[in-house]
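Each chain, letter by letter, is given below.
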Amino acid sequence: MTLSTTELSAKYDELRNWGRWGDDDEAGTLRFITPQRRVKAAGEVRHGVTVSLAHDLLTAPTDEQPVPVMHHMLAGGDALDASGVPGYEATRDFVGLEVHGLGTTHLDALCHMFVDGQMYNGRPASAVTSTGAEANTVMTVADGIVGRGVLLDIPGLRGVDALGPDDRVTAADLEAAEQRQSVTVGSGDLLIVSTGRDARRQVAAIDPFEDGLAGLDGSCLQWLYDREVAMLAGDGISDPMPAQPDPKWPFPIHQIAITGMGMHLIDNCRLDDLLVACRRYAQWSFLLTINPLRIPGGTGCPVNPLAVL
């Protein structure tokens, strides 16, 4: 990170949106997505092509997802009559998973991150108990997130397939990518930043803890604030991996964007198919829809974001 501990602390105070939309606000920067902007986002659909931005839910452990998804059958093909209803034949299954981490494509609710024991809008850690959170939960977005998505292709900007694990995306990179792609990130946009993680994975398996992941530099925080970005997503966790050697700000994008700015994040998107589609149609903005699970008290949830070009 180019910003020091002192500079990041100052940035946290400067960019904090606490009280901006009222003391009871739990939506944060999603407030920038107005009904008019949703209507305008629908106009981005030109080809009727849909692209998923989610990874498969894996049932075997990997370096990226050491805690795999639990998936087991409650009734298989050998037990079609398990319901006990005569003539009714069906299969049933169970799915359980850890929401956060480095493998599952998931949404971070605003109760996921804390700074000095407080989450967004000054709510205390005591508001999250063993039964879930009482505020800033994933239920805030239970009606879904719909808006204009914008993909910025940083490897394409630099002429490589993927950024190296030690690379950092700067605010200057974001602006250069805009110029190269003839697109401008504006108020209420859902920003997606590609670092080429999918391309790296095609070459060799990735252990994010050992091999590292590229991420956004602290200089991007001011840019996100100034552009009034509504939500941030990426093929990593937006922060560089491993954690930064900073005693207070090991994951400054998560800490300052979520806790200070009230910005929801989506981690671990799969972007290879979207990159192909955007390049094919020379279109880097699109309608983006995210439909979170309705989990009362949830700190996040797995999601399957859909881009519609």
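As shown above, the structure is provided for reference.
Below or above, wherever it landed, is the structure these notes cover.

### What to know about the pairing of strand β15 (residues 285-290)
1) Next: A large share of β15 lies buried, amounting to six of its six residues.
2) Next: As paired strands, strand β9 (residues 145-153) and β15 are joined by six bridges and run antiparallel to one another. From the neighbouring strand, Val-150 faces β15, where its bridge partner is Ser-285.
3) Next: Pairing geometry for β15 and strand β17 (residues 306-308), over three bridges, is antiparallel. When the bridges of β17 are listed, Leu-288 appears paired with Ala-307.

### Looking at the packing of helix α1 (residues 5-15) against helix α8 (residues 252-261)
1) Next: The interhelical angle for the contact between α1 and α8, taken along N-to-C directions, is 25 degrees, at an axis separation of 9 Å. By the criterion of interaxial angle, the relationship of α1 to α8 is roughly parallel. Judged by the sense of rotation from one axis to the other, the crossing of α1 with α8 is right-handed. Along the contact surface, α1 presents Leu-8, Tyr-12 and Leu-15, while α8 presents Pro-252, Gln-255, Ile-256, Thr-259, Gly-260 and Met-261.
2) Next: Counted by class, the contact of α1 with α8 contains six nonpolar, three polar and no charged residues.

### As for the environment of Cys-278
1) Next: Turning to its location among the elements, Cys-278 is positioned in helix α9 (residues 272-281).
2) Next: Judged by its relative accessible area of 0%, Cys-278 is buried.
3) Next: Through-space distance from the C-alpha of Cys-278 to that of Arg-201 is 20 Å; in sequence the pair is 77 residues apart.
4) Next: Not counting residues within four places of it along the chain, the set of residues in contact with Cys-278 comprises Leu-151, Gln-283, Trp-284, Phe-286 and Leu-309.

### Focus on the packing of aromatic side chains
1) Next: Within the structure shown, the criterion is met by three aromatic pairs.
2) Next: Geometrically, the ring pair formed by Tyr-12 and Trp-249 is tilted, given 5.4 Å between the ring centres and 50 degrees between the ring planes. In this pair, Tyr-12 sits in helix α1 while Trp-249 sits in the loop between β13 (231-234) and α8, placing the two residues 237 residues apart along the sequence.
3) Next: What makes Tyr-12 buried here is its relative accessible area of 5%.
4) Next: Residue classification places Trp-249 among the buried positions, given a relative accessible area of 1%.
5) Next: An aromatic cluster of three or more residues is present, and its members are Tyr-12, Trp-18 and Trp-249.
6) Next: Here Arg-16 stacks its cationic end above the ring of Trp-18, 4.6 Å away from the centre of that ring.
7) Next: The ring of Trp-249 has Lys-248 lying over it, and the distance from NZ or CZ to the ring centre is 5.3 Å.

### Concerning the sheet that holds strand β11 (residues 190-194)
1) Next: Judged by pairing direction, the sheet is mixed, and its nine strands sit side by side in the order β1-β17-β15-β9-β11-β13-β14-β4-β16 without closing on themselves. Only two strands of the sheet have a single partner each, and these edge strands are β1 (50-52) and β16 (300-302). The average angle at which neighbouring strand axes cross in this sheet is 25 degrees, direction not considered.
2) Next: Sheet contacts for α9: β1, β9, β11, β15 and β17; angle to β9, the most-contacted strand, approximately 80 degrees.

### Some remarks on empty space enclosed by the protein
1) Next: Under the definition given, this model contains four cavities of 30 Å³ or more.
2) Next: In this structure, the largest cavity encloses a volume near 40 Å³.
3) Next: What lines the largest cavity is Val-193, Thr-195, Ala-214, Gly-215, Leu-216, Gly-234, Asp-235, Gly-236, Ile-237 and Ser-238.
4) Next: Its residues placed into classes, the lining of the largest cavity shows four nonpolar, five polar and one charged.

### Comments concerning the environment of Thr-299
1) Next: Take Thr-299: it is sitting in the loop between β15 and β16.
2) Next: Along the chain, Thr-299 and Val-128 lie 171 residues apart, while their C-alpha atoms are 9.0 Å from each other.
3) Next: Ignoring anything within four residues of it in the chain, the contact list for Thr-299 reads His-100, Leu-107, Asp-108, Ala-109, Cys-111 and His-112.
4) Next: A distance of 2.9 Å separates a polar atom in the side chain of Thr-299 from a polar atom in the side chain of His-100.

### Overview of the pattern of salt bridges
1) Next: The full count for this structure, using the stated rule, is 19 salt bridges.
2) Next: Taking the shortest distance from any N to any O, the salt bridge between Glu-228 and Arg-20 comes out at 3.6 Å. Highlighted residues: Glu-228 in the loop between α7 (220-226) and β13 and Arg-20 in the loop between α1 and α2 (35-42), separated in sequence by 208 residues.
3) Next: Residue classification places Glu-228 among the partly exposed positions, given a relative accessible area of 26%.

Scoring rules and cut-offs
- Residues numbered from 1 in each chain as written.
- Predicted model: local features only at pLDDT ≥ 70, side-chain atom pairs only at ≥ 80, totals over all residues.
- Heavy atoms only, no water.
- Buried < 20%, exposed > 50% of the residue type's maximum accessible area, 1.4 Å probe, protein only.
- Helix = DSSP H or I, 4+ residues; strand = E, 2+ residues; numbered from the N terminus.
- Pairing = 2+ DSSP bridges.
- Axes fitted to C-alpha atoms, helices over the stretch in contact; angles between N-to-C directions.
- Parallel < 35°, antiparallel > 145°, perpendicular 65-115°, else oblique.
- Left-handed = near helix turned anticlockwise from the far one by under 90°.
- Contact = heavy atoms within 4.5 Å.
- Nonpolar A, V, L, I, M, F, W, Y, C, P; charged D, E, K, R; others polar.
- Phe/Tyr/Trp six-rings, centres within 6.5 Å; stacked < 30°, edge-to-face > 60°.
- Lys NZ or Arg CZ within 6 Å of the ring centre and 35° of its normal.
- 1 Å grid on protein atoms, 1.4 Å probe; cavity = no way out; pocket = protein on both sides within 12 Å on 5 of 7 lines; lining within 4 Å.
- Points joined across faces, edges and corners; volume = space filled by probe spheres on them.
- Polar contact = N/O pair within 3.5 Å; in protein donor to acceptor, adjacent residues only side chain to side chain.
- Salt bridge = Lys/Arg side-chain N within 4 Å of Asp/Glu carboxyl O.

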